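Listed below are the residues making up each chain.
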Amino acid sequence: MFEIKKILRPHIANLTPYSSARDEYTGTEGIFLDANENPIGSVAGGNFNRYPDPYQQEVKQALSNIKGVAPSQIFLGNGSDEAIDLLYRAFCIPLKDNVIIMPPTYGMYAVSAEINTTEIRKVPLTSDYQLQPEKILEATDSNTKIIFVCSPNNPTGNSLHQADIEFLLKNFDGLVVVDEAYIDFSSETSWTNRLADFQNLIILQTFSKAWGLAGLRLGMAFASEEIIQVLNKIKPPYNINQLTQEHALKALANVSEKEEMVKELLAERKRVSEKLSALGSVKHIYPSDANFILVKIDEANAVYDALIKDKIIVRNRSSVTLCDSCLRITIGTTAENDTFLDALVKICNKTMA
Ligand SMILES: *Cc1c(COP(=O)(O)O)cnc(C)c1O
C-alpha cells in the first residue's frame, strides 16, 4: 500500500521550512513594515513593490472552480518543470533511488534525474507507443520512487491507454506522475477526476501549451493534500511572481478564449495531417491527441536541414528511440502551416528527384 512516509526523504520530513513575512502575518489590511519592501512604489511603474502571495490562493481558487479539484490539492510552479524538479528533491535520495521513464518521452524527466544524481530506468513504449505495464512493474524495486507517464505523450502525440495507467497506480507503491501537458487537445478525460481514488497519483498540467502562456512560466500539479504540502514545504517561498498571478487570473476568467484557440488548432491539425498524407515522402503520420504531429518521412535529416534554410523550424526527432526518420511538427497558424506545407512539397520533390 502507498504511504507517503515510506517514500519521503527523511530530512525533508524533518525540515523546518523558511517562514516568510507573509507566512507569519496573513492579514491583508494594515501598515506592512515586516518584509523590507519599498513602500513608495515600483521603478518604471506597475504595482510590484509588495511580495506576492506565496500560496497563490486566488489563482488556486479560480483553478479549483474550473478543474473541480480542491485548492489544497493544487500546487503551482514556475513551469511544470519546477514541479518535476521538486518531486526529485522531495522523494529521490541521490545515488540510491531510481525512477522509471518510458522512452520516447519528454526529456526533462531524465535531465532532472541526472541533476539530482538519480538512476533512470528505461522501459520503452511498444512499437505503437503504448505502455508495457508488467515490464514497468518488473523494473521497479524498493528504491523506485517515481514512474513518469506522459499522456498525451511528447514526442509521439498519442494518449496512453487509461487501463495501463490504472494498473500502475494500483500495483506500484511509489508515485505515478501523469504529465497532461497536452490534455486540452485530447479527447481523453483528465486524471484529475480520479484523484480521490489514488493517493499516489500526481497530475501535471501547464499554461504553456493550450493557454498560450509559455512565456509566463506557470505549471500545475494536482495530488493528495499530503503530497501538495510536501511540495509547498520545499518550494522557493515566492516561486510565482505577482505579474504571473495577475495574468493567470485574467486567463482563468476567459476559458472560452482558450477553447476557441484549441478548436482552431484541432481543425488545423486535421488539415495539416490530410495534406501531409498526400505526400509520397511521408511514410507515416502518427495519430495525435496534442498540438503537434509526429511524421515519419524519407530523408528526415535532409528535409529538416532544407526546412531550416527556408527559416521553417520543426523538431528533428530522428535520433530518438522508436522515432527513426521522424520529425515533430507543431501546429502553427493557418498561414504558417500553408507556408510550411508549400516548402515541404518543394523539398520532397527535390530530394525525390
Ligand atoms: C511542454 C511540456 C511541459 C511544459 O513544461 P512547462 O515547464 O510548464 O512549460 C511539460 N511536460 C511536457 C510533456 C511538455 O511537452
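As a convention, each chain's residues are numbered from 1 in the sequence order in which they are written. Only residues with pLDDT of 70 or above have their local features reported here, since the model is predicted, and side-chain atom pairs are shown and tallied only from 80 upward, although totals for entire chains, interfaces and linings are computed over all residues. Excluded from the side-chain calculations are hydrogens and water; all other atoms, namely the structure's heavy atoms, are used.

**A short note on the overall build of the protein**
Here a helix means four or more residues in a row that DSSP labels H or I, a strand means two or more in a row labelled E, and each is numbered from the N terminus. Scanning the protein from terminus to terminus reveals 13 helices and 11 strands. In terms of overall dimensions, the protein is globule-like: its C-alpha atoms have a radius of gyration of 22 Å, near the 20 Å expected for 353 residues. For the protein, the spread of C-alpha atoms along the principal axes amounts to about 75 × 55 × 35 Å. Type-normalised accessible area, obtained with a 1.4 Å probe on protein chains alone, sets the label of each residue: buried when under 20%, exposed when over 50%, and partly exposed for intermediate values. Across the 353 residues in the protein, those meeting the buried criterion constitute 50%. In this description, accessible areas are obtained by the Shrake-Rupley approach with a 1.4 Å probe, and a residue is regarded as covered only by the protein chains that are shown. Within the structure as shown, the protein displays about 17100 Å² of accessible surface, and the carbon and sulfur contribution to it stands at 52%. Taken over C-alpha atoms, the radius of gyration is set against a globule rule of 2.2 Å times the number of residues to the power 0.38.

**Some points on the domain arrangement of the protein**
Domain start and end points were adopted from an automatic or database domain assignment. Annotation of the protein at the domain level lists domain 1 (4–253) and domain 2 (256–352). The straight-line distance from the C-alpha centre of domain 1 to that of domain 2 is 30 Å. Should any heavy atoms of two residues lie within 4.5 Å, those residues are considered in contact. Every contact between the two is made by 21 residues of domain 1 and, on the other side, 20 residues of domain 2. Summed over both partners, the accessible area lost on bringing two parts together, with a 1.4 Å probe, is the buried area. Summed over both partners, the interface of domain 1 with domain 2 buries about 1700 Å², with 63% contributed by carbon and sulfur atoms. It is Tyr129, Pro155 and Phe185 in domain 1 that bury the most area against domain 2; as a group they hold 38% of the surface buried on that side. Pairs of N or O atoms within 3.5 Å make up the polar contacts considered here, provided that, within protein, one atom can donate a hydrogen while the other can accept it, and that residues adjacent in sequence are counted only when both atoms are side-chain atoms. One can count 7 residue pairs in polar contact (both at pLDDT 80 or more) joining domain 1 with domain 2. Residues are grouped as follows: Ala, Val, Leu, Ile, Met, Phe, Trp, Tyr, Cys and Pro are nonpolar; Asp, Glu, Lys and Arg are charged; all remaining types, including Gly, are polar. Taken together, the residues that form the side of domain 1 that touches domain 2 break down as 10 nonpolar, 9 polar and 2 charged.

**Structural notes on unusual backbone geometry**
Note that the residue after Pro103, namely Pro104, is joined by a cis bond; omega there is 0°. Relative to the helices and strands, Pro104 resides in the loop between β2 (98–101) and α6 (108–115). The omega angle of the peptide bond from Asn154 to Pro155 is 15°, so this bond is cis rather than trans. When you line up the elements, Pro155 lands in the loop between β4 (144–150) and α8 (162–171).

**What to know about the sheet that holds strand β3 (residues 119–122)**
Taken in spatial order, the 7 strands of this open sheet run β1-β7-β6-β5-β4-β2-β3, and their pairing is mixed. Both outer strands of the open sheet, β1 (74–77) and β3, are each paired with one neighbouring strand and no more. Across the sheet, the mean angle from the axis of one strand to that of its neighbour is 25°, orientation sign disregarded. Relative to β4, β2 is paired through 3 bridges, and the arrangement is parallel. Residue pairing in the sheet places Asn98 in a bridge with Thr144 of β4. Axis geometry follows a simple rule: fit a line to the C-alpha atoms, using only the stretch in contact for helices, then measure angles between N-to-C directions, giving values from 0 to 180 degrees. Set on the sheet, helix α5 (residues 80–91) makes contact with β1, β2, β4, β5 (175–179), β6 (201–206) and β7 (219–222); between it and β6 the angle comes to about 155°. When DSSP finds at least two bridges between two strands, those strands are taken to pair.

**Overview of empty space enclosed by the protein**
Whether a set of points on the 1 Å grid over the protein atoms alone is a cavity depends on a 1.4 Å probe fitting there but being unable to get out, while an open set qualifies as a pocket with protein on both sides within 12 Å along at least five of seven lines; lining residues are those with an atom within 4 Å of a point. Grid points are joined across faces, edges and corners, and a volume is the space filled by probe spheres set on the points. Going through the model one piece at a time under the given rule, you end up with 1 cavity of 30 Å³ or more. Taken as a whole, the largest cavity encloses approximately 60 Å³ of empty space. Lining the largest cavity are Ser151, Pro152, Ser159, Leu160, Gln162, Ile165, Glu180, Ile183, Ser186, Glu188, Thr189 and Trp191. Here the lining of the largest cavity is built from residues that sort into 5 nonpolar, 5 polar and 2 charged.

**What to know about the packing of aromatic side chains**
In this scheme Phe, Tyr and Trp rings, the latter by its six-membered ring, pair at centre separations within 6.5 Å, and the angle between planes marks the pair as stacked below 30 degrees, edge-to-face above 60, and tilted otherwise. Throughout the structure, instances matching the rule amount to 8 aromatic pairs. Relative to Phe148, the ring of Tyr88 lies with its centre 5.6 Å away and its plane at 25°, an arrangement referred to as stacked. Placement of the pair is Tyr88 in helix α5 and Phe148 in strand β4, with a sequence separation of 60 residues. The exposure classification of Tyr88 matches that of Phe148, with both residues buried. Taking the centre distance of 4.6 Å and the plane angle of 10° together, the rings of Tyr109 and Phe148 count as stacked. With a gap of 39 residues between them, Tyr109 in helix α6 and Phe148 in strand β4 connect regions that are remote in the sequence. Ring pairs connect the aromatic residues Tyr88, Tyr106, Tyr109 and Phe148, which therefore count as one cluster. By definition here, charges over rings are those cases where NZ of Lys or CZ of Arg is within 6 Å of the ring centre and within 35 degrees of the ring normal. Sitting over the ring of Tyr55, Lys235 keeps its end group 5.3 Å from the ring centre.

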